[in-house]
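Topology and contacts: notes
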Amino acid sequence: MEHEGNASTAARANANQYAADYVMMFDLIGNLVKVMTETEAIEEIFDLFTMLFAPRSLVYAPVIGGKLGDFQSRPAFLADDEAMKSRLTSFDEDYAWTGSGDGFLLRIGYQGETLGVLAIEGIAFPEYKEHYLNLALTIVSVCGLAIANARIYQQIKQTEEELRLFKTVVESSQEAIAISDPEGQFVYINPAHEKLFGRSLEEARQVNYRDYYPPESIETLNDTVAPALARGESWEGELDVFDANGRRFPLWERADSVRDAEGKMLYGFGFMHDITEQKQMEEALRESEKKFRNIIEAIPLGMHMYQLEPDGRLLFIGANPAADQILGVDNHQFVGKSIEEAFPALAKTEIPEQYRLVASSGQVWQTDQIVYEENQIAGVFGVHAFQTSPGKMVAAFLDITGRKRAETEIRQLNEELEQHVKKRTAQLKAAYQELEAAAYTMSHDLRTPLRAINGFSQILLEDYAPQLPAEAQDYLNRISHGAQRMGELIDGLLSYLRLGRQPLEKKTVSPVDLIHKVLAEIQNELAERQVEFTIGQLPECQADPVLLERVFFNLLSNALKYTHQREVAKIEVGWTKMDDQIIYFVKDNGVGFDMQYAHKLFGLFQQLHRVDEYEGTGIGLATVQRIIHRHGGRVWAEGVMGQGATFYFTL
């Protein structure tokens, strides 16, 4: 009896434990049905089984589309256990005990569909495993519902996101989009449609979509569009429409339909855009092509037109009247033939391949095409090839035989002229050398008698002056002065002639430095005179420094000479710029000159003032001009009588 009492007590304890487990289970299941994602559902399931069974491990594998997905586990590392993966992958029953007997595999499903597989191992009280199995089977039935709900919720969220994305795309589309029911009443229009037609959705619903079209477009809808949609096909093409203000314009439309499983039309929809600008451009293109054709017909240039085919053949597609006239043939007989068939003589030249390159790439090519007859040049054509549109090109040509012959004659004449110039240059060089030699000889021959005249005049004046009357002394002074002046003229002439032989060695020169060297040389001339020099910041230049110093020496000496009557002589050296060219100048406040004689200033031995008033040889300015000309520049002067003069030069 005592034994029976103990058994009865144990049975009551087990019953109480089972009841407590079921109460706890139902409390925990309340949280399970509230989850929104499958991951959250599995975490709740893991928590539930952990509290009820205190297992060593839990592993869950979702089944999606008949295939196992990524594992979840506690502890986490079991999700990568290959043995566990193999056991769950091969499991296809509602439940099964594990090999150790302290756990089981459970199928989680809903309405006959397997949603996942759960492995529970190492439960805390194996002696209650039958009780735990019943609890687990009860729980997984609810787990299936929770997972199914979570998946449905995720599908709804994904669908909502896709609809939101679709709406964003449709609302922001530049294409006008409309959806209508089978009777033609609008169900939806996007903002682009409202803007295009000037009607809101509420206003659009007041009219049938056919009210947007003129009669000829309605005819197209009835005869073409409606039958295509009835067959379940799409249609696209050009139609004229009216907007809310009655403006008629062309658009391009693509129409299609949505149907149910039985093929019944549920909705019609259309995508459309205004092609007014496109039509205007097409009309402008047609007008342009017409003008181009008129130009081609009237232009005196010959024109051959070609089209490049996909197989690489270059087909002759036309010519203008000038081409027939220049070549003396009817070019229309070649239409449809390849360039090699139409013009066999070109097949062995580079022309066909160059034309293909022009037609395909758009690059321009030009050449002179020479026509031979019996090994003689019969004609020359200037050819200019260019692309008119992708795959099409024009070869414009002109008979330039006459021009080429003229060029040949001109080239021959130039060669003859060049030879003649070389010959004349050699003759001039020889004549110049003879003249220079004669000048040196004359100067040498003249110097001896000049020295004698000057010397004997000085002897007479020094030794016999007391015995000579004043008039005779004056004559002797004049003779001596004349001899000296003659010597100066000879020296100046020789210096002038030497300029032609002196090589021109250009380098970067500072004019200011040269001017200061000149001023140092003429310090003796400045004694007992009040002279104000103004020297500007002259820019550097490319010149022969020796010759340029000579230019400044002569111009400054000239300025000093013609200002000696001024109480205060003012001399300025500066520069200016005109047409991007630097112009240097030397300006003084001297006696000036009459501009009508300006052309004589730079002539050899030319002087505009009396020698007894202003000494000089008349060679200084001529030397300046020769040096400037050798530098490729020019020199000129401006002056006013009694107000001074300015000498300008460029290099």
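The structure presented is a predicted model; accordingly, all values stated were derived computationally and were not measured. (Residues numbered from 1 in each chain as written. Predicted model: local features only at pLDDT ≥ 70, side-chain atom pairs only at ≥ 80, totals over all residues. Heavy atoms only, no water.)

Some points on the overall build of the chain
Short version of the rule: Helix and strand assignments follow DSSP, with helices taken as H or I runs no shorter than four residues and strands as E runs no shorter than two, numbered in order from the N terminus. Only protein chains enter the area calculation, which uses a 1.4 Å probe; residues under 20% of their type maximum are buried, those over 50% are exposed, and those in between are partly exposed. The contact rule is simple, with two residues in contact once any of their heavy atoms fall within 4.5 Å.
Looking only at helices and strands, one finds 17 helices and 23 strands in the chain. When each of the 651 residues of the chain is scored for burial, the buried share is 37%. The contacts of the chain with a sequence gap of at least 6 include a subset with a gap of at least 24, amounting to 54%.

Some remarks on the pairing of strand S22 (residues 635–640)
Consecutive residues of a regular strand have side chains that alternate between opposite faces of the sheet. Where we set the bar: Only strands that DSSP links by at least two bridges are regarded as paired with each other.
Of the strand pairs in this sheet, S22 and strand S23 (residues 644–649) are connected by 6 bridges, and their pairing is antiparallel. Residue pairing for S23: Val635 is matched across the bridge by Phe649. Between S22 and S23, which pair antiparallel and follow one another directly, the connecting turn spans 3 residues, one of which, Gly642, has a positive phi of 80°.

Description of the pattern of salt bridges
Note the threshold: The term salt bridge refers to a side-chain nitrogen of Lys or Arg lying within 4 Å of a carboxyl oxygen of Asp or Glu.
Using the criterion set out here, one finds 18 salt bridges in the structure. Asp240 is paired through a salt bridge with Arg248; the nearest N and O atoms lie 3.1 Å apart. With a relative accessible area of 40%, Arg248 lands in the partly exposed category. Note that Glu297 is salt-bridged to Arg293, the shortest N-O span being 3.6 Å. One end of the pair, Glu297, and the other, Arg293, are both in helix H8 (residues 276–298), 4 residues apart, so they sit about a helical turn from each other. Under the relative-accessibility criterion, Arg293 is labelled partly exposed at 38%. Counted as one network, the salt bridges with shared partners bring together Glu43, Asp47 and Arg74.

Overview of the packing of aromatic side chains
Applied cut-off: Stacked, tilted and edge-to-face are the three classes applied to pairs of Phe, Tyr and Trp rings, where Trp contributes its six-membered ring and a pair requires centres within 6.5 Å; stacked means planes under 30 degrees apart, edge-to-face means over 60, and tilted covers the rest. Criterion for a charge above a ring: Arg CZ or Lys NZ at most 6 Å from the ring centre, at most 35 degrees from the ring normal.
Here the structure, examined in full by the defined rule, presents 17 aromatic pairs. Note on Tyr306 and Tyr355: the rings are 5.6 Å apart at their centroids and 50° apart in plane angle, and the pair reads as tilted. Highlighted residues: Tyr306 in strand S12 (residues 302–308) and Tyr355 in helix H11 (residues 351–361), separated in sequence by 49 residues. There is no split in this pair, since Tyr306 and Tyr355 are both buried. Between the aromatic rings of Phe316 and Phe343, the centroid separation amounts to 5.8 Å while the plane-to-plane angle is 70°, which identifies the pairing as edge-to-face. On the criterion of sequence distance, the pair formed by Phe316 in strand S13 (residues 314–319) and Phe343 in the loop between helix H10 (339–342) and H11 is long-range, its members being 27 residues apart. The aromatic ring of Tyr212 is capped on one face by Arg199, whose charged end is 4.7 Å from the ring centroid.

Side note on the layout of surface pockets
Note the cut-off: Buriedness for pockets is judged along seven lines, at least five of which must meet protein on both sides within 12 Å for an open set on the 1 Å grid over protein atoms alone, while cavities are sets there where a 1.4 Å probe fits but cannot get out, and lining residues have an atom within 4 Å of a point. Grid points are joined across faces, edges and corners, and a volume is the space filled by probe spheres set on the points. Classification convention: Asp, Glu, Lys, Arg as charged; Ala, Val, Leu, Ile, Met, Phe, Trp, Tyr, Cys, Pro as nonpolar; all other residues, Gly among them, as polar.
Each pocket or cavity is described by its volume, and for the second largest pocket that value is around 520 Å³. As for the second largest pocket, its lining consists of 25 residues, and the residues nearest its centre are Ala345, Leu346, Gln369, Val371 and Phe381. Per element, the largest residue contribution to the lining of the second largest pocket is 7 residues, and it comes from strand S14 (residues 365–373). Class assignment of the residues belonging to the lining of the second largest pocket gives a composition of 19 nonpolar, 4 polar and 2 charged.

Some thoughts on the sheet that holds strand S9 (residues 235–242)
Rules: Think of each axis as a best-fit line through the C-alpha atoms, taken over the contacting stretch in the case of a helix, with angles from 0 to 180 degrees between the N-to-C directions.
Read from one edge to the other, the open sheet built from 5 strands follows the order S8-S7-S11-S10-S9, with strand pairing classed as antiparallel. One side of each edge strand has no neighbouring strand; the edge strands of this open sheet are strand S8 (186–189) and S9. Across the sheet, the mean angle from the axis of one strand to that of its neighbour is 30°, orientation sign disregarded.

Describing the side chain of Ser338
Position of Ser338 relative to the elements: it lies in the loop between helix H9 (321–327) and H10. With near-sequence residues (within four places) excluded, Ser338 lies in contact with Leu314 and Leu315.

Quick word on unusual backbone geometry
Note the cis peptide between Arg74 and Pro75, where omega equals -5°. The topology assignment puts Pro75 in the loop between strand S3 (72–74) and helix H3 (82–90). Phi is positive for Asp580, close to 65°, though the residue is something other than glycine. Along the polypeptide, Asp580 turns up in the loop between strand S20 (569–578) and strand S21 (581–588).

Some remarks on the nonpolar core
Selection rule: Residues belong to one nonpolar core when they are buried, are Ala, Val, Leu, Ile, Met, Phe, Trp, Tyr or Cys, and are joined through side-chain atoms within 4.5 Å.
If you look at the biggest cluster of nonpolar residues, it comprises 36 residues, and the most contacted ones within it are Leu548, Val551, Phe552, Leu555, Leu556, Phe647 and Phe649. Secondary structure elements with two or more residues in this core: helix H14 (511–521), strand S19 (541–543), helix H16 (545–561), S20, S21, helix H17 (620–630), S22 and S23. Among residues more than four places away in sequence, those in contact with Leu556 are Ile515, Val518, Leu519, Phe533, Ile571, Val573 and Val586. By size, the runner-up hydrophobic cluster in this structure holds 26 residues, among which are Phe46, Tyr60, Ile120 and Cys143.

Remarks on the environment of Asn454
Tracing the backbone through its elements, the reader meets Asn454 in helix H12 (residues 401–464). Taking the C-alpha atoms as reference points, Asn454 and His481, separated by 27 residues in sequence, lie 7.9 Å from one another. Ignoring sequence-local partners within four residues, the contact set of Asn454 consists of Ser480, Ala483 and Gln484.

Remarks on the sheet that holds S22
The 5 strands are arranged S18-S20-S21-S23-S22 in an open sheet whose pairing can be described as mixed. The two strands at the open ends of the sheet, each matched to only one other strand, are strand S18 (531–535) and S22. The average undirected angle you get between the axes of adjacent strands in this sheet is 15°. Against the sheet, H14 contacts S18, S20 and S21, and its axis sits at roughly 165° relative to S18.

Brief notes about H17
Note on helix geometry: an α-helix contains 3.6 residues per turn, so any two residues three or four positions apart are oriented the same way. Among the residues of H17, Leu621, Ala622, Thr623, Val624, Ile627 and Ile628 are the ones counted as buried. A positive phi of about 80° marks Gly632, the residue just after H17.

Notes on the side chain of Ser457
For Ser457, the position within the fold is in helix H12. With a relative accessible area of 4%, Ser457 lands in the buried category. Aside from chain neighbours lying at most four places away, what touches Ser457 is Leu476, Ile479 and Ser480.

Quick notes on a nonpolar patch on the surface
What counts is decided by this rule: Candidate patch residues must exceed 30% relative accessible area and have no salt bridge, after which like charges are joined if within 9 Å and Val, Leu, Ile, Met, Phe, Trp or Tyr side chains if within 5 Å. Where accessible areas are quoted, they stem from the Shrake-Rupley method and a 1.4 Å probe; at the residue level, only the protein chains shown are allowed to cover.
There is a patch of nonpolar side chains on the surface, built from Val187, Val258, Leu266 and Tyr267 and spanning about 300 Å² of accessible area. Positionally, Tyr267 belongs in strand S11 (residues 265–274).

A closer look at the packing of H14 against H16
Short version of the rule: Convention used here: angles under 35 degrees read as roughly parallel, angles over 145 as roughly antiparallel, angles from 65 to 115 as roughly perpendicular, and any remaining angle as oblique. Each crossing gets its hand from how the near helix is turned against the far one by less than a right angle, where anticlockwise is left-handed and clockwise is right-handed.
The interhelical angle for the contact between H14 and H16, taken along N-to-C directions, is 55°, at an axis separation of 9 Å. Here H16 runs oblique to H14, going by the angle between their axes. Crossing hand, H14 versus H16: right-handed. Contact residues: Pro511, Leu514, Ile515, Lys517, Val518, Leu519 and Glu521 in H14; Pro545, Leu548, Glu549, Phe552, Phe553 and Leu556 in H16.

Here we look at the pairing of strand S5 (residues 104–110)
Among the 7 residues that make up S5, 5 are buried, leaving the element largely enclosed by the rest of the structure. Here 3 bridges tie strand S4 (residues 95–97) to S5, and the two strands are oriented antiparallel to one another. By the bridge assignment for S5, Trp97 is matched with Phe104. Taken together, the 7 bridges between S5 and strand S6 (residues 113–121) define a ladder with antiparallel strand orientation. Bridging from a neighbouring strand, Arg107 pairs with Val117 of S6. Where S5 folds back on S6, the antiparallel hairpin that results is connected by 2 residues, among which Gln111 adopts a positive phi of roughly 55°.

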